[in-house]
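Below, each chain spelled out in residue letters.
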Amino acid sequence: MSSLRDARKPKGPDAPPAKDLRGARYWRSLEEWADTPEFRRFVEREFPENASQWADPVGRRRFLKLMGASLAMAGVGACTVQPPERIIPYVKQPEEIVPGKPLYYATAMPQWGIGQGLLVESHMGRPTKIEGNPDHPASLGASNHFSQASILGLYDPDRSDVIRRAGRIDTWDNFLAELASALEVEAGRGGRGLRLLTGTITSPSLAAQIEELLTLYPGSKHHQWEPLNRDNVLEGAKLVFGRPVETRYRFDRAKVIVSLDSDFLAWGPASVRHARDFAGARRSEDGEMSRLYVVEPTPSLTGGVADHRLALESHRVEAVARRLAANLGIEGGAASVESAEQWIAGAVADLQRHRGDSLVVAGDGQPPIVHALAHAINHRLGNVGSTVEYTRPLGARPVNQTESLGSLVDDMRSGGVDLLVILDGNPVYDAPVDFDFAAALQSVKLRIHLSQSEDETSQGCHWHIPGAHFLESWGDVRAFDGTVSIIQPLIRPLYGGRSSHELLGALLGRPGLTAEQAVRDHWAAQMGPDSEKQWRKSVHDGVVAGTAFPPLTPQLDEAALRAEAGSTTSPSGMEVLFRGDPCVADGRYANNGWLQELPKPLTKLTWDNAALISPAMARELSLENGDVVRLSHGERGVEAPIWVLPGQAARSVTVHLGSGHRRAGRVAEGVGFDAYPLRESDKLWNAAGIQIEKTGQRRFLACTQNHHLIETGLASQQAHDRHLVRETEIEEYRSNPEVIHEMGHEFPEEMTLYPPHEYPGHAWGMVIDLGACTGCNACVVACQSENNIPVVGKQMVEMGREMHWIRIDRYFEGDLDDPRYVHQPMICQHCENAPCEVVCPVAATSHSAEGLNEMTYNRCVGTRYCSNNCPYKVRRFNFLLYQDWDTPSLKLMRNPDVTVRSRGVMEKCTFCVQRINAARIVARNEDRKIEDGEIVTACEAACPSQAITFGDINDSASRVARLKADKLNYGILNELNTRPRTTYLARLKNSNPELADG
């Protein structure tokens, strides 16, 4: 559909189609904005075009015939006979294991070297599900999509399982022999040719081993490199404090927040904690609700919840920071910022009214001066000690990582490196292109790489050592506040992987050292005479008590800012922004199928990345979604498909890193384009002067934004009168609490053909808070992990066959070039009067005595009548055998409490009925009622912002019953008399009255 050109037709941006009773305009895509005849026909179809076409030669009618016949013959065997499995009993059953009863262990996941506290569910020695550790300061019981998907990373069949020397299979003993020979040479020359390259190191025990190595070989050097490093953060602190410090933010205490291109709700070592704290400060219907200002060049999850968002090119954010500082009396050289003066004036006035309980935070991609200005503003406002705290750096050896890697490359080129050991990173793939790390690497006499997969860097090394997953090895790691967690393994290494502790042990002349010995020996010395008791408690709790860093009071030097004063330069032309991919980060998760198929929060793209441009740029260059362009910067260039993203700054092009792998596993290879060849060491986050040239080619991008539309089957204008998303200003809500219900249509209770049904026992229900939801996708992956939901692949997604039981509907509101956006999780609504149940010819979908809409898989014959009759479009049909029955490791991963579906059956959210049944059994055995909060669904447990609440609505004292009684609570499509058990809390906005148009 030629959507962008059609958007300029007379109907145009002054009259977009989506408009509710309050005047807000909501739309999902450019096609919907344009409201073209093609889009209307798309909406009126029940299933996406080609959804009924088959990738194999078996037609749908023949498939249904065969399936019906096999069902009749196989009884309850469903549609596919599972392969036979041998059952081997215990010779001696371990005392702690009760068959069928899971155990939970505390551990932590290192992400960019910094820890996220986790609880891992284990069935009979098999870790199967990740949850957040409620006792850990970084998680408080929640998690993110990266940690949820790490369970698939553990069982990934593409993980390396053999030691290789020059590509050939070899042994650990042979490796140790060659290493010992090289170390003997280095010992004689003081280690001048020895180099160690790692990521960020916050592990106390690993840092101790590295210090021992540097002492043993005084001429050796330790280098660190993370492609999404925090150099700007630490350099900004050094600029005004004279030394690097870490900044801790207390969003739960802040009433006014100004974000300078900081996506603090989605990125960073404390993003899960930040989401919890921020959402708590927004839940204030009676008291003062916090207000968020965001200036950014590309839409982010943080920008989506902002009360006032300003889209500006990245290089102009510095000018905004200088202007904010100048208006608060801080000298920094500031000129007016065109188109932003009103926004700046409103933010400054709000900050001044909230001295001591406000907050300014700068993003990692902004230059050091922006971070320095943010520190100065927080000091001037008196926020330090209240909403801002400082501690010493998390890393054991804080360095500028770009300079550190550059120094290593220089040494390699000069022939000064004879032995290089790389722990876990992939610098051949992700190092700045001007370093040409791959070429420099070939000058090293002996190259050793420890990693979980044979990637691009492994290919360039002599020795590849399979790395252990964090769920397979002992270790320790610091959280964002310095708190140490002990990483304990849940399973023995599946593929014979070695840990960093073991490889460092070999470097130290102790090849038999285990990771457990290294960690325990370190903490035995730290914990003192009662170390054994403290160790056991620390392992059990997941945190080492008393290890959080105490606050510091660094002195701010405003003279340093005056020295940096001067007019900011505005580069001409367009800029390119380098950002971590929302799903695969910097590329380390690229071989994870769950994350590849996860729709990106803003674009809804799967299995691909794209160059994101603004609608204005698309009009100027006559570009449309899928057009392939060449992005050039100087002599370097890459080819990338275009995606037009409303809310993007007019002259900014955003490319996501982490795709386009040449060697990293079958899932990752060939997916998307590699943006790293454009990234230079002095332009890690953005570069000016990018050139865009159309190639004349097109690439089809698998995007889910128009899949499973609730509007399906309705005329366009009728669809937009459904009022699916409801939001209002907090002051309007306070003056008229009924405003939310005035937006929709309620079906009179007495006008119904359905007979009444009593629920004398439990009546399960859910409430989702739109004001707290950020669209982070943690719930989607948690549901996939809990319920054994398969990956279908890009081709099937293109056909609208993705299997996620939760989808996050993203709505734009307002102007095409600068809209606001809202996320709405959509699951099975478990309707009291469920339209799906009355049309099923075999009663496969039915109502339980507790109000659940249940699916009996071995009855389903695949008519899809239920999906056709579901107004919420939340049912998924597994057309083909998407499950992998043959790979042994994937069998270990699956939740044994949930049926593993074959093909030809309808799937959907069950409110995690397996967790309900488990709690019911425990309560019955203990002769008591199920307590409120005892049952936590997978999506609820994962949610960082506590946007999801599940419970018994028959219990008037329960959390869910209280929320359903709230004036903000509403149901979707109530006018259809479906009476959904899942309802929503409308979103409240706290706009500054001084910025009526902001």
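Residues numbered from 1 in each chain as written. Predicted model: local features only at pLDDT ≥ 70, side-chain atom pairs only at ≥ 80, totals over all residues. Heavy atoms only, no water.

As for the overall build of the protein chain
So, step 1. The number of helices and strands found in the protein chain is 33 helices and 39 strands.
So, step 2. Each of the 998 residues in the protein chain was classed as buried or not, and the buried ones make up 62%.
So, step 3. Within the protein chain, counting contacts between residues at least 6 apart in sequence, those at least 24 apart form 74% of the total.
So, step 4. Here the protein chain displays about 37,600 Å² of accessible surface, and carbon together with sulfur accounts for 50% of that area. (Helix = DSSP H or I, 4+ residues; strand = E, 2+ residues; numbered from the N terminus. Buried < 20%, exposed > 50% of the residue type's maximum accessible area, 1.4 Å probe, protein only. Contact = heavy atoms within 4.5 Å. Areas by Shrake-Rupley, 256 points an atom, 1.4 Å probe, with all protein chains shown as cover.)

Observations regarding the confidence of the model for the protein chain
So, step 1. In this model, the protein chain carries an average pLDDT of 87, and 89% of its residues clear a pLDDT of 70 or more.
So, step 2. Within the protein chain, no element has a lower average pLDDT than helix α4 (residues 60–74), which sits at 39, and none a higher one than strand β10 (residues 256–260), at 97.
So, step 3. Below a pLDDT of 50 lies the segment residues 55–83, which in the model reaches 37 contacts outside its immediate sequence neighbourhood of four places, other chains included. (pLDDT = per-residue confidence, 0-100.)

Brief notes about the pairing of strand β16 (residues 446–451)
So, step 1. Burial analysis of β16 places six of its six residues in the buried class, the great majority of the element.
So, step 2. Covered by surrounding structure in β16 are Leu446, Ile448 and Leu450 together with Arg447, His449 and Ser451, the residues of both alternating faces.
So, step 3. In this structure, strand β15 (residues 419–423) lies alongside β16, joined through five bridges in parallel fashion. What sits directly across from Val421, in β16, is Ile448.
So, step 4. Of the pairings in the sheet, the one linking β16 to strand β17 (residues 463–466) comprises four bridges and is parallel in character. Across the sheet, residue Leu450 finds its bridge partner in β17, namely Ile465. (Pairing = 2+ DSSP bridges.)

Some remarks on the sheet that holds β15
So, step 1. Strands sit in the order β6-β5-β17-β16-β15-β7-β8 across an open sheet of seven strands; the sheet is mixed. Looking at strand neighbours, the two that pair on one side only are β6 (168–169) and β8 (221–224), the edges of this open sheet.
So, step 2. Pairing analysis gives four bridges linking strand β7 (residues 194–198) to β8, with the strands arranged parallel. Each bridged residue has a counterpart across the sheet, and for Leu197 the counterpart in β8 is His223.
So, step 3. With respect to the sheet, helix α14 (residues 401–413) is in contact with β7, β8 and β15, its orientation differing from that of β8 by roughly 130 degrees. (Axes fitted to C-alpha atoms, helices over the stretch in contact; angles between N-to-C directions.)

Quick word on the sheet that holds strand β20 (residues 574–580)
So, step 1. Pairing within the closed barrel is mixed, and its six strands lie in the order β20-β25-β22-β24-β23-β26. Averaged over all adjacent pairs, the angle separating strand axes in this sheet is 45 degrees, with direction ignored.
So, step 2. Relative to strand β25 (residues 652–657), strand β22 (residues 611–613) runs antiparallel, the two being bridged by two bridges. Its bridge partner being in β25, Ala611 is matched across the sheet by Val655.

Some remarks on the packing of helix α7 (residues 204–216) against helix α19 (residues 515–527)
So, step 1. Packing of α7 against α19 brings their axes to within 9 Å, and their N-to-C directions diverge by 95 degrees. Looking at the two axes, α7 sits roughly perpendicular to α19. Of the residues in α19, those in contact with Pro204, Ser205, Ala208 and Gln209 of α7 are Ala518, Val519, His522 and Trp523.
So, step 2. Grouping the amino acids of the contact of α7 with α19 by side-chain chemistry returns five nonpolar, three polar and no charged. (Parallel < 35°, antiparallel > 145°, perpendicular 65-115°, else oblique. Nonpolar A, V, L, I, M, F, W, Y, C, P; charged D, E, K, R; others polar.)

Focus: the pairing of β15
So, step 1. In terms of burial, β15 is a largely internal element, five of the five residues being buried.
So, step 2. Examined bridge by bridge, β7 and β15 share four bridges and lie parallel to one another. Counterpart to Leu194 in the pairing with β15 is Leu419.

Concerning the pattern of salt bridges
So, step 1. The final tally for this structure, using the stated rule, is 60 salt bridges.
So, step 2. The salt bridge involving Arg662 is made with Asp674; its shortest N-O contact spans 3.4 Å. Here the residue Arg662 occupies a position in the loop between β25 and β26 (686–698), and Asp674 occupies one in the loop between β25 and β26, the gap between them amounting to twelve residues.
So, step 3. Judged by its relative accessible area of 12%, Asp674 falls in the buried class.
So, step 4. Put simply, Lys129, Glu131, Glu786 and Arg915 are held in one network by salt bridges that share partners. (Salt bridge = Lys/Arg side-chain N within 4 Å of Asp/Glu carboxyl O.)

Side note on the packing of aromatic side chains
So, step 1. For the coordinates displayed, the defined rule picks out 18 aromatic pairs.
So, step 2. Between Phe175 and Trp463, the ring centres sit 5.3 Å apart and the planes meet at 65 degrees, which makes this aromatic pair edge-to-face. Here Phe175 is found in helix α6 (residues 172–188), whereas its partner Trp463 is found in strand β17, with 288 residues between them in sequence. Comparing Phe175 with Trp463 shows no difference in burial state: the two are buried.
So, step 3. When the centroid spacing of 4.9 Å and the interplanar angle of 70 degrees are considered together, the rings of Tyr429 and Tyr676 count as edge-to-face. With Tyr429 in helix α15 (residues 427–430) and Tyr676 in the loop between β25 and β26, the pair connects residues that are 247 residues apart, well separated along the chain. Side by side, Tyr429 and Tyr676 carry an identical accessibility label, which is buried.
So, step 4. An aromatic cluster is defined as three or more aromatic residues linked by ring pairs; in this entry it consists of Trp112, Phe146, Trp267 and Tyr589.
So, step 5. Its end group placed over the ring of Trp172, Arg498 keeps NZ or CZ at 4.0 Å from the ring centre. (Phe/Tyr/Trp six-rings, centres within 6.5 Å; stacked < 30°, edge-to-face > 60°. Lys NZ or Arg CZ within 6 Å of the ring centre and 35° of its normal.)

Observations concerning α6
Residue pairs three or four apart in sequence face the same way in an α-helix, which turns once every 3.6 residues.
So, step 1. Taking 1.5 Å per residue as the helical rise, α6 with its 17 residues ought to reach 24 Å, and the 24 Å between its terminal C-alpha atoms agrees with that figure.
So, step 2. Buried residues of α6: Trp172, Phe175, Leu176, Leu179, Ala182, Leu183 and Glu186, and no others. Looking straight down α6, one finds that the buried residues subtend no more than 135 degrees of arc, so they occupy a single side. The exposed set on the far side of α6, more than 90 degrees from its buried face, consists of Asp173, Glu184, Val185 and Gly188.
So, step 3. As for α6, its buried residues are in contact with β7, β15, β16, β17 and α18 (500–507).
So, step 4. Following α6 by one or two positions, Gly190 adopts a phi angle in the positive range, close to 75 degrees. (Expected span 1.5 Å × (residues − 1). Arc of directions from axis to C-beta.)

As for the packing of α6 against α18
Any two packed helices are characterised by the angle at which their axes cross and by the distance between the axes.
So, step 1. Interhelical geometry of α6 versus α18 gives an angle of 50 degrees and a closest axis separation of 10 Å. When the axis of α6 is compared with that of α18, the two are oblique. Here α6 contributes Phe175, Leu176, Leu179 and Leu183 to the contact with α18, which in turn contributes Leu503, Ala506 and Leu507.
So, step 2. Residue composition of the contact of α6 with α18, grouped by class: seven nonpolar, no polar and no charged.

Overview of the side chain of Asp608
So, step 1. On the secondary structure map, Asp608 appears in the loop between β21 (605–606) and β22.
So, step 2. At a separation of 2.7 Å, a polar atom in the side chain of Asp608 contacts the side chain of Lys794.
So, step 3. The residues touching Asp608, leaving out its near neighbours within four places in the chain, are Lys600, Val671, Gly672, Arg699, Phe700, Leu701 and Lys794. (Polar contact = N/O pair within 3.5 Å; in protein donor to acceptor, adjacent residues only side chain to side chain.)

Re helix α13 (residues 368–380)
So, step 1. Between the first and last C-alpha of α13 there are 18 Å, a value that for 13 residues agrees with the 18 Å anticipated at 1.5 Å per step.
So, step 2. The buried fraction of α13 is high, at ten of 13 residues.
So, step 3. Looking at the residues trailing α13, positive phi occurs at Gly382, about 75 degrees.

Topic: the side chain of Asp231
So, step 1. Secondary-structure assignment places Asp231 in helix α8 (residues 231–241).
So, step 2. Arg679 is the oppositely charged side chain nearest to the buried, salt-bridge-free Asp231, at an N-O distance of 8.7 Å.
So, step 3. Side chain to side chain, Asp231 and Thr402 meet in a polar contact 2.8 Å long.
So, step 4. Non-local contacts of Asp231, meaning those with residues more than four positions away in its chain, are made with Val399, Asn400, Gln401 and Thr402. (Lys, Arg positive; Asp, Glu negative; His and termini not counted.)

A few points about the nonpolar core
So, step 1. Membership of the largest hydrophobic core comes to 148 residues, with the highest contact counts inside it found for Met412, Leu420, Phe437, Leu631 and Phe911.
So, step 2. A total of six residues in this core trace back to one element, the largest contributor, which is helix α5 (residues 145–155).
So, step 3. With sequence-adjacent residues up to four places away left out, Met412 is seen in contact with Val417, Leu420, Phe437, Ala440, Leu441, Ser443 and Val444.
So, step 4. Counting 54 residues, the second largest nonpolar core, distinct from the first, contains Phe251, Ile344, Val361 and Ile369. (Core = buried A, V, L, I, M, F, W, Y, C linked by side-chain atoms within 4.5 Å.)

Section: the environment of Gly775
So, step 1. Here Gly775 shows up in the loop between β29 (764–769) and α27 (778–786).
So, step 2. Owing to a relative accessible area of 2%, Gly775 belongs among the buried residues under this scheme.
So, step 3. Taking C-alpha positions, Gly775 is 9.7 Å from Val305, a pair spaced 470 residues apart along the chain.
So, step 4. Excluding anything up to four places from it in sequence, Gly775 contacts Leu301, Pro601, Ile808 and His823.

Things to note about unusual backbone geometry
So, step 1. The residue Met124 is not glycine, and still its phi comes out positive at about 50 degrees.
So, step 2. By the secondary structure assignment, Met124 is in the loop between β3 (114–123) and β4 (126–132).
So, step 3. Even without being glycine, Ala843 reaches a positive phi, approximately 55 degrees.
So, step 4. Here Ala843 lies in the loop between β31 (820–826) and β32 (845–847).

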